[in-house]
Amino acid sequence: MFKLGFSRLQFKVIILLVLVALLPLASLGLWGAYSLKQSRRANVAELSWQLVNQQSFQLKKFVDDRLSTFELKIADPNVQAVGPEQQRFILQSMLEQDSALQGVSFINPTGQETSHLVVGGQEVPLSNHQADPSFKAALWGQKYFGDVEFEGDKAYAVLASPVVNHESVTIAVLWGRLELSKLRQDFSRVRLGNTGYLYILTVAGELLAQSGTFPFDQSNFSPPALAKSILTGTVHQGLEDDDTYINSGGRTVLAAGVKVPALGWAVVAEWPEDEAMAPVWSLIQSLGYLSLGAFLVVLLVSFFVAAFLLRPVRVLQTGANIIGQGDFKHRISLKTHDELENLATSFNQMAKDLEALDELKAIKIRSEALAESLAHERELSKMKDTFISVSSHQLRTPLTSLKWNLELLQEEKVSAEGKDMLKGSLANTQQLTAIVEDLLLVSEFGLGYKPTNPKAVDLVKIIKQQTEPLSVQTQEKKLEFKLDLPATLTVVGDERALGILCQNIMANAVTYTKAGSITVSLTPSPHEIKLVVSDTGIGIPAIEQASIGQQFFRASNAIEQKNVGTGLGLFLIKTIAQGHGGSLAFTSQPGQGSVFTLNLPLPKSSA
C-alpha cells in the first residue's frame, strides 16, 4: 500500500508526531491571528471614534463662534434703542469681521427689519420676519441657528440672536444669513488613512460636507442605515457588528459616527476594511508562510524520529525471524532501557538455551556484536546531535538567506513598483527574523530562567559595549545620548544574559524616541544597584501600562509607529532581571517619555 518504503506503524507514528507538534502551533497561530484582528479592529474603531468626536466638536465650535459675534447687550440705562446709524455701523462691522456672512439685519420687536446690509455694505429693501422661526426664537431671548438650505452647490444657514438692554429685555433681533463654504472647505481636509473619509449629514439627511477622499458625488450618494440611525440619536463607536457594512460603492467599510449636539447633524467616518485591516492581513499571511515552513520541517523531522523510534521494533522483528529459522548463534543487541530491551533479553536467553556451540565461540561472537553495536550507537548519537543542532536553526537560516537575496535584488535595476515590493518583502523578512531571534532568546531566557554559571562581571563595561550598536540610530535621529556611570561596578551573573538585558532596555528607548534625549545612569546602594534609562519618547498609554512585560504585548502607540517589534523585548528584560534576583519597574507619560528602573542585587562582598 505504501510505496515510500515505510511501514503502517511508522506511518501512524509520523501522523501522531505531526499532530502533537503542529496542533499547539496551529492553535497558537489561530489564536494569535484572531487576537491581532480584534486588536486592530479596536484600534481602527478608536481612531475613527476620536476623529468623528473631534470633528463634531469643531462643528459645534464653528457655530458657537458665529453666534457669539451676534451677542449684543446695551449696558447704558439711558439708551433704550439702537439708532439707524449705529445699526448700519454694527452690521457693516459684522460683515467685515466674518466673510462667511452674506447678509445681516436689525429687526424690531414687531418683526420689521429696520436695517439690512449684504456683502459689500449695500442696503437692500426691508422685509418683515414676524413669521420666521429665527425671529421668534431670538425674540424670546434664545440664540438660533437654522436648518441648512442649499442653493445650487452652495449651502446656507440662518442665525439670529436677541439684542438686550441693561435689564436683559429684548429690544431688537440681530439676524444673519451664513454661507457654509469655509466649514465645508475645512472639513474637506480631514483624512482617515489613505482611502478613509468622513461626511456630514444635515437634519434632513442631506450631504453637507465630505472629506477629500469621499468617493461619491452628491447626486449618487445615498446615506446608509447607520448614518440615518445617528440622526435619530444612536451612537456608533465602531465596535458593533452593524458598524461594518457594504457602502453604496460596493466596498466593505468600518464605520463610526456621532450626532452633533444642538445642531442635529450627523458626522460619519467610513474606512474601507481592506486598507484599515491591511497590516493584520499582511502579518497573518506571513504567519501562514511561516506555518507552512514549520509544517514541512516538522514533517521531515517526524520521518527521522519515527525511524529512530521504530528501529528497536525492527531489530526485534529481524532477530526473532533469524532465531526462529534455527540460527541460535544470533543475538539481539538492543539498548533501549525499557520493555523492548527486556524482550530482546528474553530472546537472547532463549537462543542461549538452544545454542549447542562452543561457549568461547559464542562469547567471541557476542563481544564482536556488542562492539559493533556500541560503535553503531555512537554513530547514531552523533548523527542525532548534529541533526538537532541543524534543525534548531532551520527557521533562522532560510530567513537570513532570503534577507540577503532581497538586499541584493534592491541593488538591481527594477521598476518603482518592484522596489516597493522588495522593500515590503525585506521589511516582512526582517520582522520574521526578529521574531525568530526573540523566540530563540525566549526559549533560552524564558520563564523560570536562572544563570547556569554566574560569575563576577563589570556592568559598566557591558553597558558601554551595548551602546556602540545604537550610535548610528541615535545620530540619525539627532538624539542626545547621555551616560552617567561610575568607573566600574561589579555584579554576579551571566555576562551574555546581562548584555541582552542592557541592549534591549536601551534599544527600546532609542526606538520609541523621535527627538530629545536618552539618559542611562547606574547608581549603587548598600545592597543593590539601580540602572535607570529615561527617555523623551512616545510614552505608554496609562490604560495599557499594566500589560507591559507580558509576552507579545505591544502598546497601541508603539504599533502605530509601524516599526519592527515582537513584544518580547521587555519580557526578556523582566525574566533576565528576575533570574538574577532583581526586578523591573517603570513610570511613563504618553507623549512625554518613560523611565525604566532595573534593580539588581550586589554581591555579598560588596554590600
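Attention in this report is confined to the structure presented alongside it. Model, not experiment: these values are computed from the prediction.

Conventions and cut-offs
Residues numbered from 1 in each chain as written. Predicted model: local features only at pLDDT ≥ 70, side-chain atom pairs only at ≥ 80, totals over all residues. Heavy atoms only, no water. Pairing = 2+ DSSP bridges. Helix = DSSP H or I, 4+ residues; strand = E, 2+ residues; numbered from the N terminus. Axes fitted to C-alpha atoms, helices over the stretch in contact; angles between N-to-C directions. Salt bridge = Lys/Arg side-chain N within 4 Å of Asp/Glu carboxyl O. Buried < 20%, exposed > 50% of the residue type's maximum accessible area, 1.4 Å probe, protein only. Core = buried A, V, L, I, M, F, W, Y, C linked by side-chain atoms within 4.5 Å. Contact = heavy atoms within 4.5 Å. Arc of directions from axis to C-beta. Polar contact = N/O pair within 3.5 Å; in protein donor to acceptor, adjacent residues only side chain to side chain. Patch = residues over 30% accessible without salt bridge, like charges linked within 9 Å, V, L, I, M, F, W, Y side chains within 5 Å. Areas by Shrake-Rupley, 256 points an atom, 1.4 Å probe, with all protein chains shown as cover. Expected span 1.5 Å × (residues − 1). Parallel < 35°, antiparallel > 145°, perpendicular 65-115°, else oblique. Left-handed = near helix turned anticlockwise from the far one by under 90°. Nonpolar A, V, L, I, M, F, W, Y, C, P; charged D, E, K, R; others polar.

## Points about the sheet that holds strand β15 (residues 480-484)
Taken in spatial order, the five strands of this open sheet run β15-β17-β18-β20-β19, and their pairing is mixed. In this open sheet, the two edge strands, each paired with only one partner strand, are β15 and β19 (583-589). Between one strand and the next, the sheet's axes are offset by a mean angle of 10 degrees, whatever the strand orientation. In this sheet, strand β20 (residues 593-601) lies alongside β19 in antiparallel orientation, the contact comprising seven bridges. Looking across to β20, one finds that Ala585 is bridged to Thr597.

## A short note on the pattern of salt bridges
All chains considered together, the criterion is met by 10 salt bridges. The salt bridge partner of Lys182 is Asp186, with a shortest N-O separation of 2.9 Å. Here Asp186 and Lys182 lie together in helix α4 (residues 181-188), a separation of four residues that amounts to about one turn. Here Lys530 and Glu528 are joined by a salt bridge, their closest N and O atoms 3.8 Å apart. When its relative accessible area of 28% is taken as the criterion, Glu528 is described as partly exposed. Bridged by salt links that share partners, the residues Lys182, Asp186 and Arg189 form one connected network.

## As for the nonpolar core
One finds Phe145, Leu180, Leu198, Leu208 and Trp265 to be the most contacted residues of the largest nonpolar core, which totals 48 residues. Counting residues per element, this core draws most heavily on helix α1 (residues 8-68), at seven residues. Non-local contacts of Leu198, meaning those with residues more than four positions away in its chain, are made with Leu51, Val52, Gln55, Phe187, Val190, Leu192, Gln210, Ser211, Phe214, Val267, Val268 and Ala269. Of all hydrophobic cores here, the second largest spans 43 residues; its members include Phe445, Ala507, Ala509 and Ala558.

## Notes on helix α12 (residues 459-467)
For α12, the complete set of buried residues consists of Leu459, Val460, Ile462, Ile463, Gln466 and Thr467. All buried residues of α12 project into a common sector of 160 degrees when viewed along the axis, lining one side. The backbone nitrogen of Val460 lies 3.1 Å from a side-chain oxygen of the residue at the head of α12, namely Asp458.

## Quick look at a nonpolar patch on the surface
Taken together, Phe11, Ile15, Leu19 and Leu23 make up a surface patch of nonpolar side chains, about 340 Å² in accessible area. Tracing the backbone shows Ile15 in helix α1.

## Details of the sheet that holds strand β10 (residues 207-210)
The strand order across the open sheet built from five strands is β10-β9-β13-β12-β11, with neighbouring strands paired in antiparallel fashion. Each edge of the sheet is formed by a strand with only one pairing partner; in this case those strands are β10 and β11 (244-246). Each neighbouring strand pair of the sheet contributes to a mean axis angle of 35 degrees, computed without reference to strand direction.

## A short note on helix α2 (residues 84-97)
Across its 14 residues, α2 extends 20 Å between first and last C-alpha, which sits within 8% of the 20 Å expected from 1.5 Å per residue. When we look at burial in α2, the residues that qualify are Gln87, Leu91, Met94 and Leu95. Down the axis of α2, the smallest arc covering the buried residues is 100 degrees, so these residues share one side. Exposed residues lying more than 90 degrees from the buried face of α2 are Glu85, Phe89, Glu96 and Gln97.

## Observations regarding the packing of α12 against helix α14 (residues 495-511)
A pair of packed helices is captured by two measures, namely the crossing angle of their axes and the spacing between those axes. Contact geometry of α12 with α14 gives a least axis separation of 9 Å together with a crossing angle of 50 degrees. Comparing the axis directions of α12 and α14 gives the class oblique. Handedness of the α12/α14 crossing: right-handed. Facing Leu459, Ile462, Ile463, Gln466 and Thr467 of α12, the residues of α14 in contact are Glu495, Leu498, Gly499, Cys502, Gln503 and Met506. Looking at side-chain class alone, the contact of α12 with α14 contains six nonpolar, four polar and one charged residues.

## As for the pairing of strand β16 (residues 490-493)
Residues Val491 and Gly493 of β16 are buried on one face, while the alternating residues Thr490 and Val492, pointing to the opposite face, are not. Two elements, strand β14 (residues 455-458) and β16, share four bridges in a ladder whose sense is antiparallel. Bridge pairing links Lys455 to Gly493 in β16.

Shape descriptors only; they carry no functional weight alone.
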